Amino acid sequence: MLSLLAWAILGAAPRPLAGAQQPAPEAPALTPVWTFSGGVYQGQSGDYTTPLSGVTVAIYGANSPGRLGTWIRETTTNRSGAFSLSVSGYDGDYAYYNIVETDLPGYTSTGALSGSGGEVVTVNWIRFTNPSPGGYAENFFWDVPTPTATPTPTATTYRPTHTPSATPTRTPTATPTTTRMPTATPTATWWAPVVEIGGAVFVTPIQLPRPGVEVSLYGSHQRMELEQRLDVKETAGDGSFVLRYTPSLAAAQEYPYLIVVVTDPEYRGVAAWSESGAEVVAGNRLVWHQPPPGQYGGNGFRVSPLRIYLPLIMKQAGAAVVGSAAPTYCTNLLHNGSFETGNFAYWTVSGNPMIIQGPTHGGQYAAQLAYYNNDHNMISQSIAYPFAAAGIKFTGWVAQYTTDESGQHDWMTVTVRSSGGFEWTSWIWNDSPARVWISRAFEYFPPQGLSAGETWQVIVEARNDESAGTTFMVDGLSLTFCCAEDPYEPYNDYVNAYYLVPGATYKVRICPNGDEDWFRFPVVQGQVITADLYNLPEDFDMNLYSSPSRQLCNNLSGTFAEHCYVIADTTGEWRVRVVGKGGATSNSPALLRVQVASFATLAPTSTRTHTPTFTATRTRMPTRTATCATGLTRCGRPHPQPAPPARPAPSPRQRPRPACPLAHQHPRTRA
């Protein structure tokens, strides 16, 4: 609406004289816009090597410096750790704008930095005081895993000592409720019959109860570790769920923490709440510490689909965990496509194009590529994308108004071209609809995908003839590269690993650079784990983890199949991780299979086959010896024996041996 108003204000431009220089059109009054952007990284301040994705960053407006003020909107960082938040005059009139980062579960902030004039109030808070409308970039936050996560690798070795320490812990827990004191004292009755946790799941943006969403109950010795899944349900038709746990039947030991988490891979947790005393640690997670037996209701989650179609398609109740709505990672690699830097940063410029503040399609700025007679201007940008993409999407907006006569005399082109031979061009002429922003867009997804490292160019060119100029403008350009659909996203870390079925085969895609897929599976001590990663399209690595800091198995270079064989020394949920070595990516999947078997069933198999073999061999040996040793047959045939000559009596230690005339002919028959 603002763009149409701007066109109306401008009106029809007068026809200039040949070769005359026309002044730039006046920019109409626009609603002020502020854009705050930056990133979140893992490590200490100044370390930009490891971006953190999925971190919530919100913006608040306030009129006093000591308070956050009114929440305006929030977003989450992408895989590059980047975020961008925009506010306008429609959001209110504030003297202070506050950017606030919320740590991921298990992380602690270490620092913050603003390279655009913001004040670092705390490690999670950057404040801007009376900022002018425009862009404010380079606002950064740094987080590290909390120190409490370090004991996780040795949690299994502490469990034997966990049982005696639980006895004094239960006494102060039950103290406020005097009626539960007698039942809390005996170890066998402290957990009572059952713990029952109920609630509901709602989906955004329509805010309705959502059936068919998987919700799980875990028991754990650590507040942030999903150690043992005790129950799992899909929400009913009204979005409700009830999870139950009977400790005396379900586990051999007590769990001090009970955790309810939305584990459905098709939804992302946006918000969580509890009316029964749970701690909200994430948008998809609630934690109870040593809850007494009973019912815990009034718990809820608000989730959003990881992929939205038009019309909205979501998982139906009872559907498989991996559905058709597999998430796709896409990223726009065209820099400053909306020209919100106020200049042609990242663009190569030819001629005399200009940055204007109105009219625009969105934001504060746009690019004007022609205005004067005999204008010939061009801007271009080259992109070498680093990962093997499944395809690209281009979008952009163009507009014109002219003083030229009817006919196609002046023109502007938008071209997308690759070093691999692809080219797409869109034209706009002076006889196109005037004072209207027109969309230019296309998608290109070839069957074999796009190879990493190809160079792509976006070129915008405009030309006016010698008289009656035309003004051409462009705004909102983007060139987005997309990975292939991957049902095992966003399971990209140890905590959020995907539950696999041992013995099943999974297609694992690694895209974009730095992507990694994690899977989890239950293991009992003494079982044999066999993990294989094969059909590798690129150099992918595979590793087993019995804890976050304990990595097992070595890796091979190149596309050789990865194999790992381990006898489990701990009971719990083990993980397998697949990652591209050196940032390797591919559109084609590798195949992963993990098998878990009992070692006892494998041992007898190798010993049964050897026993009868040795028994048969030994029975032949005495038979041959007896044939030659009997004096009656003389090596197997009758033979008259002459009288032996007189010889001295043998010594007591020697035993006379009968003569065998055939012994020299049958040396092998001698005993």
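Structural data are supplied above this passage.
All values reported here derive from a predicted model rather than from experimental measurement.

A. Representation of the state of the cysteines in the model. For the coordinates displayed, the defined rule picks out 3 disulfides. For Cys 330, the disulfide goes to Cys 482, at an S-S distance of 2.1 Å. On the S-S bond that ties Cys 330 to Cys 482, the torsion sits near 115°, and the link is right-handed. Remark: Cys 482 occurs in strand E30 (residues 470-482) and Cys 330 occurs in strand E20 (residues 330-332); sequence separation between them is 152 residues. By relative accessible area, which is 32% here, Cys 330 ends up partly exposed. Among the residues examined, Cys 482 registers a relative accessible area of 1% and is labelled buried. Between the sulfur atoms of Cys 553 and its disulfide partner Cys 564 the distance amounts to 1.3 Å. Linking Cys 553 in the loop between strand E36 (550-552) and strand E37 (562-567) with Cys 564 in strand E37, this pair joins segments that are 11 residues apart in sequence. Residue classification places Cys 553 among the partly exposed residues on the basis of a relative accessible area of 23%.

B. Region of interest: the sheet that holds strand E33 (residues 516-523). If you trace the 5 strands from one edge of the open sheet to the other, you get E31-E33-E38-E35-E36, paired in mixed fashion. Looking along the sheet, the strands with just one partner apiece sit at the ends: strand E31 (498-499) and E36. Judged from the 8 bridges that link them, E33 and strand E38 (residues 572-580) form a sheet pairing that is antiparallel. What sits directly across from Phe 521, in E38, is Trp 574.

C. Expanded view of the packing of aromatic side chains. Taken as a whole and assessed by the stated rule, the structure comprises 32 aromatic pairs. By the ring-pair criterion, three or more aromatic residues cluster together here, those being Phe 394, Phe 422, Trp 424, Phe 442, Tyr 444, Trp 456 and Phe 481. In this structure, Arg 229 is placed above the aromatic ring of Tyr 499, and the distance from its NZ or CZ to the ring centre is 4.0 Å.

Calculation rules
Residues numbered from 1 in each chain as written. Predicted model: local features only at pLDDT ≥ 70, side-chain atom pairs only at ≥ 80, totals over all residues. Heavy atoms only, no water. Disulfide = S-S within 2.5 Å. Helix = DSSP H or I, 4+ residues; strand = E, 2+ residues; numbered from the N terminus. Buried < 20%, exposed > 50% of the residue type's maximum accessible area, 1.4 Å probe, protein only. Pairing = 2+ DSSP bridges. Phe/Tyr/Trp six-rings, centres within 6.5 Å; stacked < 30°, edge-to-face > 60°. Lys NZ or Arg CZ within 6 Å of the ring centre and 35° of its normal.

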